There are 2 protein chains.
Amino acid sequence: MSDASLILSRRDLDFILYEWLEVERLTQRARFADHDRVSFDGVLDTCAQLAADMFAPHNRKADQNEPTFDGERVTMIPEVAEALAAFREAGLFSASQDYDLGGLQLPNVIERAGFAWFQAANVGTAAYPFLTIGAANLLKTHGTAAQVDAYVRPMLEGRFFGTMCLSEPQAGSSLGDIRTRAVAQADGSYRLFGSKMWISGGDHDLSETIVHMVLARMEGAPAGVKGISLFVVPKHLLDESGAPGERNDVVLAGLNHKMGYRGTTNTLLNFGEGRHAPGGQGGAVGWLVGAPHQGLAAMFHMMNEARIGVGAGAAALGYTGYLHALDYARGRPQGRPLSAKDPASPPVPIIQHADVRRMLLAQKAYAEGALGLNLYCARLTDDQTTAEDAAERDRAGRLLDMLTPIAKSWPSQWCLEGNSLAIQVLGGYGYTRDYPVEQFYRDNRLNPIHEGTHGIQGLDLLGRKAIMDGGSGLKLLGETVMATVARASGDGELAPYSEALAEAMGRIGAATATVWQDGDPERALANASTYLEAVGHAVLAWIWLEQALAAAGKTGDFYDGKRQAARYFFRWELPKIGPMLDLLVSKDDTTLAMQDRWF
Amino acid sequence: MSDASLILSRRDLDFILYEWLEVERLTQRARFADHDRVSFDGVLDTCAQLAADMFAPHNRKADQNEPTFDGERVTMIPEVAEALAAFREAGLFSASQDYDLGGLQLPNVIERAGFAWFQAANVGTAAYPFLTIGAANLLKTHGTAAQVDAYVRPMLEGRFFGTMCLSEPQAGSSLGDIRTRAVAQADGSYRLFGSKMWISGGDHDLSETIVHMVLARMEGAPAGVKGISLFVVPKHLLDESGAPGERNDVVLAGLNHKMGYRGTTNTLLNFGEGRHAPGGQGGAVGWLVGAPHQGLAAMFHMMNEARIGVGAGAAALGYTGYLHALDYARGRPQGRPLSAKDPASPPVPIIQHADVRRMLLAQKAYAEGALGLNLYCARLTDDQTTAEDAAERDRAGRLLDMLTPIAKSWPSQWCLEGNSLAIQVLGGYGYTRDYPVEQFYRDNRLNPIHEGTHGIQGLDLLGRKAIMDGGSGLKLLGETVMATVARASGDGELAPYSEALAEAMGRIGAATATVWQDGDPERALANASTYLEAVGHAVLAWIWLEQALAAAGKTGDFYDGKRQAARYFFRWELPKIGPMLDLLVSKDDTTLAMQDRWF
């Protein structure tokens, strides 16, 4: 059993959920009418306990004993299956699902908060349900009733696991170039042929079967992204009772060996290689999901959810790293205050050194800010589907679209930096595998890569989200932020922050117009990553102003800590965007002008 | 055999050494009179070839098969010993040493440039000679003639290896708290008792014996740093012929298992544990080096050299990561230019995408800048000892003192960031252990920790270097930078850079005065890490202006690349110090005011 207080802070979750996001108000909506704070707390308590008892204890062991493949089957340490059995038995595969799918109809924001415990405790093991829930949501939304019965129900029961099969060895960020072929059969099914790369959870013996959601091209499909269709391809064909039977022609070609995230199998899968011949015929049997050639749009439904989940995972890793560093800094004596003149005086805990406090405060600001942002986004997903009036649902959806690239990229960048600071607080010990922080750092380094790289998020934000519908998304974000600014402007401590944030938002709006004023996408998007980072920092400043408002007028160490973290963010972090916006407004073309032969 | 062109760029080394630092002029000095460009080139060629043939090929294998300890002896892959034998046979242990110590009397700057090949190819294996040369230089400077004959000569022949034994399990950054005791014996020797932690190269079978340079306290020594003495403690006592004989009572208590840098044994050593009893008596036999209680000052002689070497190692890792990312980006097709409308058009190499060029240009600016700074510092060590007039020697020494914390910390921070960008360029592939960039990142993460953490370097710069002797060090740095500014101010392309740099130096001077104006060290030093980072970025801007001047008026892709990297640094990097200096000038006390109980 591990110490839950080193995984996440329940006190902070309560603050974010109940004091800031006011999630109890959700129980006034019909969908959540059976719930109250007691049932929410019960779920959070269960998650905290399961994470501490079943997930955290094997986190290092899974890292040091990664899954192996003998050409026939994947072997991994037994603790993974045990943890997932406990997760399944607690009903957590379907926590937010409809009652008629066997779910508990919990709000997404509660499900997400509960899930953060597992991501912080053991991101490698938590990835299996994360992927399964995402695949189930995708198929539930776009599949037929029969597909839902055949696959989604067993997935939400935790009997079948799921994957997303997008990338291929030659096509990662450029999905328009995928080559996997889907050949139509007389019975309405398809046979798939091709290779899929980087498939997390692509093979294992943890579930009765694995349901792959696969992007492929039908014969004669248009080139590029407009010719991609979505298929459901199970590892085993289901028999008449719905149980996994004959082996489908999806085979594991090999495991990828990663720097971190080692507990999750990451695979190269071959479809239609011919090792198996279902029904006596080659090709992996699959069924179309949704309309032909509309696969990418459908998959994006899942990717947006996955991107917020990736950000939440990054936040969770940053959070647990922070808690471990804090625990170490309180207990490690080393050195003396600069004012101490007697070298024989006893050393003090390193938390008393200003530079260590700087590193802890930065981690706190990154982790609590990132978790706050991702739970805010989860709250928006609830509003998007359950808010009472249509305008509010629409507003939530558009704000969520705008925030998604930031909710994915900001935690991936800054909570990774937080994990680096955690190593630094522990010094030499932090660099050893005897302490967990180096694993958090290795695990978290995946997050700026998968589910759309950092650069892809920048293109999404500046090239789509900020300008679509005449810039209405950016305008909506600005209005939302300015509403917070208005609430804070009367508070003596917060007024300077609100001024700084208002100025930042004004500068972002101007920078957006400036980079696009020539109508040249290549020039406008050359510095899209910088735009992403500038807007990201402004959004996090807003999240901190929101948290500071939720703490305003309240007394006690916890609230003083929130105020100090907000102060840190506004004094140390937000000013970093000044040079970024200067660069954007200058329409700097240094990278564009760089010639390949000059490298 | 590995590809040398992926380890370092010989073209760039030639530029830095011959076109910028004008190292051929050193051959006019008596000490280097036997040398010329041919002999310098010969050394660089040898290093490049040995690094490619003997060091790089086992870099990954050493990472994946770290040394083991069975309680009796350390076992490691045989390639390490083979590489070090080749290094020894090439005479590289003594490349810069006096002829009468068997050396070649090469300039330090050439030795350092040559050594960078080994650090880039395999930092784990390169650490053994790095530590040995450092220990030999320490003992050579402070030891007796007999100690030089007994230990230094075999070390410079590569027969004995060396270590630095400073830290203890309870005392890392706070060396005043070390507890290892040295008990005087009637014969003038000492017996040492205590434990030393994080000792790189602390045990192995790679050399005939190991010479430990150990900090310890004599009985009755004053408390704190004023009571620390330096001892030489060999693993084996030498017999009358000078050969290692009886085992001394220094034993390996255990190996540390690190995130990276795995090829270098890192150890906990016990002195005087009693497992061996040299001469029938307990305690590790050692001999005083230099004067009693002056050990820390002596050790700092070696630490300054080690700090520049750590920075050079960080630069080398950043450099090889950059070259690998560049090679991948040239060869990996993915996506199309934003202007391409036909999705069936062939994909382009990713180097053609602006964001990939940004990541490559940043890596180039970090790696070439950092290597340039560290070779500039190595050139200063030559001037410090061989410049013709005393004033010039003094000036070089003072400038070197000022630059040392930056030469250590800046590459450790930014070339680590460069390695992260290299992973990002390779995407999912970069995150796997099938490609070398993730190892560079893990290896490089040590550098902000050892040989004085990032925070310690900040205290050294702002608390000592910038203010000692009435601020003469900072003044000297300012004068040196302003001389470059003056040279660049007449150049149309460089004039804006020189203005920006002059402004930055002015602001740094003002910030230094402001933070110290109250005379309160605790307040002044609270943000010392930020000061270190601001001065560091300004120093690197200066290094880039120097390199741009060395390229000025020259035509060709190589020089265009230098100009573009300088432009990148001035447009993208130097402006980052604006908010840092604002923070310093505001005397922000956010971290000081943070209370422990608020976390």
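What counts as what
- Residues numbered from 1 in each chain as written.
- Chains lettered and ligands numbered in written order.
- Predicted model: local features only at pLDDT ≥ 70, side-chain atom pairs only at ≥ 80, totals over all residues.
- Heavy atoms only, no water.
- UniProt positions renumbered as here; feature names shortened; annotations may be inferred.
- Helix = DSSP H or I, 4+ residues; strand = E, 2+ residues; numbered from the N terminus.
- Rg over C-alpha atoms; globule rule 2.2 N^0.38 Å.
- Buried < 20%, exposed > 50% of the residue type's maximum accessible area, 1.4 Å probe, protein only.
- Areas by Shrake-Rupley, 256 points an atom, 1.4 Å probe, with all protein chains shown as cover.
- Contact = heavy atoms within 4.5 Å.
- Buried area = accessible area lost by both parts, 1.4 Å probe.
- Salt bridge = Lys/Arg side-chain N within 4 Å of Asp/Glu carboxyl O.
- Polar contact = N/O pair within 3.5 Å; in protein donor to acceptor, adjacent residues only side chain to side chain.
- Nonpolar A, V, L, I, M, F, W, Y, C, P; charged D, E, K, R; others polar.
- Least-squares fit on C-alpha atoms with pLDDT ≥ 70 in both.
- Phe/Tyr/Trp six-rings, centres within 6.5 Å; stacked < 30°, edge-to-face > 60°.
- Domains from an automatic or database assignment.
- Axes fitted to C-alpha atoms, helices over the stretch in contact; angles between N-to-C directions.
- Parallel < 35°, antiparallel > 145°, perpendicular 65-115°, else oblique.
- Left-handed = near helix turned anticlockwise from the far one by under 90°.

- The name that an unreviewed UniProt entry assigns to chain A is 3-methylmercaptopropionyl-CoA dehydrogenase, with the source organism given as Brevundimonas mediterranea.
- UniProt lists a comment for chain A under the heading Sequence similarities (unreviewed entry), and it reads "Belongs to the acyl-CoA dehydrogenase family."
- If you open the UniProt record of chain A and go to Cofactor (unreviewed entry), you find "FAD".

**Overview of the overall build of chain A**
Phase 1: Looking only at helices and strands, one finds 19 helices and 12 strands in chain A.
Phase 2: The globule rule puts the C-alpha radius of gyration for 599 residues at 25 Å, and the 24 Å found for chain A is close to it.
Phase 3: Structurally, chain A occupies a C-alpha span of about 85 × 60 × 60 Å along its principal axes.
Phase 4: Per-residue burial over chain A gives 65% buried out of 599 residues.
Phase 5: As presented, chain A carries roughly 19,700 Å² of accessible surface, and 51% of it is formed by carbon and sulfur atoms.

**Quick notes on the UniProt feature "domain: Acetyl-CoA dehydrogenase-like C-terminal" (unreviewed entry) in chain A**
Phase 1: Under the feature "domain: Acetyl-CoA dehydrogenase-like C-terminal" (unreviewed entry), the UniProt entry names residues 479-595 of chain A.
Phase 2: Secondary structure content for residues 479-595 of chain A is 78% helix and 0% strand, and the end C-alpha separation is 41 Å.

**Focus: the interface of chain B and chain A**
Phase 1: Each side of the interface is counted separately: chain B has 92 residues, and chain A has 92 residues.
Phase 2: The contact between chain B and chain A buries some 8,000 Å² in all, and 56% of this surface belongs to carbon and sulfur atoms.
Phase 3: At the junction of chain B with chain A, the criterion picks out 12 salt bridges.
Phase 4: Between D557 of chain A and R597 of chain B there is a salt bridge, with the nearest N and O atoms lying 3.1 Å from each other.
Phase 5: Linking chain B with chain A are 61 residue pairs in polar contact (both at pLDDT 80 or more), by the criterion used here.
Phase 6: Ranked by residues supplied to the side of chain B that touches chain A, first place goes to helix 17 (residues 557-573) of chain B with 8 residues.
Phase 7: Considered class by class, the residues forming the side of chain B that touches chain A number 39 nonpolar, 27 polar and 26 charged.

**A short note on the relation of the copies chain B and chain A**
Phase 1: Rotating chain B by 180° and moving it 0.0 Å along the rotation axis overlays it on chain A with an RMSD of 0.0 Å. When the rotation and shift are considered jointly, the pair of chain copies conforms to a two-fold rotation axis. No C-alpha of chain B approaches the rotation axis more nearly than that of K576 of chain B, which lies at 3.5 Å.
Phase 2: A share of 100% of interface residues in chain B that are also interface residues in chain A marks the association as one of identical surfaces.

**Considerations on the side chain of R357 of chain B**
Phase 1: Looking at the element boundaries, R357 of chain B is found in helix 9 (residues 354-386).
Phase 2: Given a relative accessible area of 7%, R357 of chain B falls into the buried group.
Phase 3: Within the local environment of R357 of chain B, its side chain forms a polar contact with the backbone oxygen of T591 of chain A, the two atoms lying 2.8 Å apart.
Phase 4: A polar atom in the side chain of R357 of chain B sits 3.2 Å from the backbone oxygen of L592 of chain A.
Phase 5: Dropping the residues within four chain positions of it, R357 of chain B is found in contact with T591, L592, M594, D596 and F599 of chain A together with I351 and Q352 of chain B.

**Looking at the packing of aromatic side chains**
Phase 1: Counted according to the given criterion, the structure contains 53 aromatic pairs over all chains.
Phase 2: Both rings, one in Y328 of chain A and one in Y435 of chain A, keep their centres 6.1 Å apart while their planes meet at 90°; by these two values the pair is edge-to-face. Taken together, the residues span a long stretch of sequence, with Y328 of chain A in helix 8 (residues 295-331) and Y435 of chain A in the loop between helix 10 (390-426) and helix 11 (437-444) at a distance of 107 residues.
Phase 3: With a relative accessible area of 29%, Y435 of chain A lands in the partly exposed category.
Phase 4: Centroid distance F87 of chain B to F118 of chain B: 5.0 Å. Interplanar angle 75°. Geometry classified as edge-to-face.

**Some details on the domain arrangement of chain A**
Residues and elements named next belong to chain A.
Phase 1: Each assigned domain of chain A is listed here: domain 1 (10-292), domain 2 (303-452) and domain 3 (453-591).
Phase 2: One C-alpha centre belongs to domain 1, the other to domain 2, and the line joining them spans 26 Å.
Phase 3: Summed over both sides, the interface of domain 1 with domain 2 buries roughly 3,000 Å², with 59% coming from carbon and sulfur.
Phase 4: Three residues stand out in domain 1 for area buried against domain 2, namely R29, R112 and Y261, and they jointly supply 20% of the buried area on that side.
Phase 5: In this assembly, domain 1 and domain 2 are joined by 2 salt bridges.
Phase 6: Inspection of the region where domain 1 meets domain 2 yields 15 residue pairs in polar contact (both at pLDDT 80 or more).
Phase 7: Looking at the side of domain 1 that touches domain 2, the elements that each hand over two or more residues are helix 1 (10-20), helix 3 (59-64), helix 5 (108-121) and helix 6 (123-142).
Phase 8: In terms of residues, the side of domain 1 that touches domain 2 owes the most to one element, helix 5, which gives 7 residues.
Phase 9: Here the residues of the side of domain 1 that touches domain 2 sort into 20 nonpolar, 7 polar and 8 charged.

**As for the packing of helix 10 of chain A against helix 13 (residues 468-488) of chain A**
Residue and element names in this part refer to chain A.
Phase 1: Packing of helix 10 against helix 13 brings their axes to within 9 Å, and their N-to-C directions diverge by 95°. Classified by the angle between their axes, helix 10 and helix 13 sit roughly perpendicular to one another. Across the interface between the two elements, R395, R398, L399, D401, M402 and L403 from helix 10 touch M468, S472, G473, L474, L476, L477 and T480 from helix 13.

**Let's talk about the UniProt feature "domain: Acyl-CoA dehydrogenase/oxidase C-terminal" (unreviewed entry) in chain A**
Phase 1: Those residues carrying the UniProt feature "domain: Acyl-CoA dehydrogenase/oxidase C-terminal" (unreviewed entry) are residues 294-459 of chain A in this numbering.
Phase 2: A helix fraction of 73% and a strand fraction of 0% characterise residues 294-459 of chain A, whose end C-alpha atoms lie 21 Å from each other.

**Side note on the environment of L131 of chain A**
Phase 1: One can find L131 of chain A in helix 6.
Phase 2: Among all residues touching L131 of chain A, those that are not within four sequence positions of it are G162, M164, S200, G201 and M302 of chain A.

**Observations regarding the packing of helix 9 (residues 354-386) of chain A against helix 10 of chain A**
All names here are of chain A.
Phase 1: Viewed as axis vectors pointing N to C, helix 9 and helix 10 meet at an angle of 160°, and their least axial separation amounts to 8 Å. By the angle class used here, helix 9 and helix 10 are roughly antiparallel. Handedness of the crossing formed by helix 9 with helix 10: left-handed.

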